[in-house]
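Summary of structural features
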Amino acid sequence: MKKILTCENLTASYDGVKVINSLSFSISEGDYLCILGENGSGKSTLVKCLLGIKPADGGKITLGDGLKHTDIGYLPQHTPMQSGFPATVSEVVLSGCLGRRGYRPFYSSAEKEIASNAMKRLGIYDLASRGCRELSGGQQQRMLLARALCSAKKLLLLDEPVTGLDPTASAELYSVISELNEKDKMTIIMVSHDIAKSLEYSSKILCLCSSSDSFFGTPQEYASSHISNKFIGDQKL
């Protein structure tokens, strides 16, 4: 399988404090990587580095197979502001094609078709004319995932996508993401606090720790590792 992203000896800091130290891992086309870790372990900093928003202090990140940062579909953490955004579902989803549009003042028919297909793929096409404020939490996340899908050519980066959703909406979103990975062959990187779901759906696990220790490997390897035991133990405190 083609390598789609490689991280070599990455070092990065947040507010002058080093939170990532000599981190190395790689993912291939079609992988489903879940990033776990306690608060302050550097998950958000790593996301910014992967998106090219934040420069690393050391090491390097290499995008493979012709991938560019603008080709990464990004679903950020849910915020209350997103719920009240004064736009329709179709307008929000179509905005995911901004990177494709470039300096043109209008979206092309091809870009509108991409947005329509993304809404159909996420089961929200019948909500296209609805305002964001009218949607449930699960519908809002499907809308934002459809937006990310418009810009994603090979890779989706999802930052805690089920936060704030009820169990039913969470289960539905996990199912949709899994389907995008398995049927559409979309490579997934997901930041998550849900260990059980991460072990169930992912093909690779990256666990960051506030210490220099970290883990990268398969879900089976993670489940039997000392880091898994420590992380789960800390969550029970």
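All of the points below concern the structure found in this document. Treat the numbers as computed from the prediction; the structure is a model and nothing was measured. (Residues numbered from 1 in each chain as written. Predicted model: local features only at pLDDT ≥ 70, side-chain atom pairs only at ≥ 80, totals over all residues. Heavy atoms only, no water.)

Counted under the stated rule, the structure contains zero disulfides. For the unlinked cysteine Cys49, the closest cysteine sulfur is that of Cys7, found at 8.0 Å. Looking at the unpaired Cys209, the closest cysteine sulfur is the one in Cys207, lying at 4.5 Å. (Disulfide = S-S within 2.5 Å.)

Time to look at the packing of helix H5 (residues 109-121) against helix H6 (residues 137-151). Contact geometry for H5 and H6: axes closest at 9 Å, N-to-C directions at 135°. Viewed along their axes, H5 and H6 adopt a mutual orientation that is oblique. Between H5 and H6 lies a crossing of right-handed hand. Facing Ile114, Ala115, Ala118, Met119 and Arg121 of H5, the residues of H6 in contact are Ala146, Leu149 and Cys150. Grouping the constituent residues of the contact of H5 with H6 by class yields seven nonpolar, no polar and one charged. (Axes fitted to C-alpha atoms, helices over the stretch in contact; angles between N-to-C directions. Helix = DSSP H or I, 4+ residues; strand = E, 2+ residues; numbered from the N terminus. Parallel < 35°, antiparallel > 145°, perpendicular 65-115°, else oblique. Left-handed = near helix turned anticlockwise from the far one by under 90°. Contact = heavy atoms within 4.5 Å. Nonpolar A, V, L, I, M, F, W, Y, C, P; charged D, E, K, R; others polar.)

Here we come to helix H7 (residues 167-182). Its 16 residues place the ends of H7 22 Å apart at the C-alpha level, agreeing with the 22 Å of an ideal helix rising 1.5 Å per residue. All buried positions along H7 are accounted for by Ala169, Ser170, Leu173, Tyr174, Val176, Ile177, Ser178, Leu180 and Asn181. Buried positions along H7 lie against strand S3 (32-37), H5, H6, strand S6 (155-159), strand S7 (187-191) and helix H8 (195-201). Put simply, Asp166 is the residue that caps the front of H7, since its side-chain oxygen is 3.0 Å from the backbone nitrogen of Thr168. (Expected span 1.5 Å × (residues − 1). Buried < 20%, exposed > 50% of the residue type's maximum accessible area, 1.4 Å probe, protein only. Polar contact = N/O pair within 3.5 Å; in protein donor to acceptor, adjacent residues only side chain to side chain.)

What follows is about the nonpolar core. The biggest cluster of nonpolar side chains holds 47 residues, and the ones touching the most others in it are Val93, Ile124, Met143, Leu145 and Leu156. Mapped onto this core, the elements with two or more residues apiece are S3, helix H3 (89-94), H5, H6, S6, H7, S7 and strand S8 (204-208). Apart from residues no more than four positions distant in its own chain, Ile124 is found in contact with Val89, Val93, Met119, Arg142, Met143 and Ala146. (Core = buried A, V, L, I, M, F, W, Y, C linked by side-chain atoms within 4.5 Å.)

Counted at 1.5 Å a residue, the expected span for H6 with its 15 residues is 21 Å, and the 22 Å between its end C-alpha atoms agrees. Within H6, 12 of the 15 residues are buried, which leaves the element mostly enclosed by the surrounding structure. Where H6 is concerned, the buried positions are Gly138, Gln140, Gln141, Arg142, Met143, Leu144, Leu145, Ala146, Ala148, Leu149, Cys150 and Ser151.

Moving on, we come to the side chain of Ser192. Checked against the element boundaries, Ser192 lands in the loop between S7 and H8. For Ser192, a relative accessible area of 4% corresponds to the buried category. With near-sequence residues (within four places) excluded, Ser192 lies in contact with Ile35, Leu36, Glu160, Tyr174 and Ser198.

A few words now on the packing of aromatic side chains. The description of two aromatic rings rests on the distance between their centres and on the angle between their planes. This model, assessed by the stated rule, comprises three aromatic pairs. Seen in terms of ring centroids, Phe25 and Phe216 are 5.7 Å apart; in terms of plane orientation they differ by 45°. Their pairing is tilted. One end of the pair, Phe25, is in strand S2 (residues 17-28); the other, Phe216, is in strand S9 (residues 214-217), with 191 residues separating them in the sequence. Overall, Phe25 belongs to the buried group, its relative accessible area being 4%. Judged by centre distance (5.4 Å) and plane angle (55°), the rings of Phe215 and Tyr222 are tilted. Accessibility classification places Phe215 together with Tyr222 in one group, the buried group. Looking at Lys120, its charged tip hangs above the ring of Tyr125, at a distance of 5.0 Å from the centre. (Phe/Tyr/Trp six-rings, centres within 6.5 Å; stacked < 30°, edge-to-face > 60°. Lys NZ or Arg CZ within 6 Å of the ring centre and 35° of its normal.)

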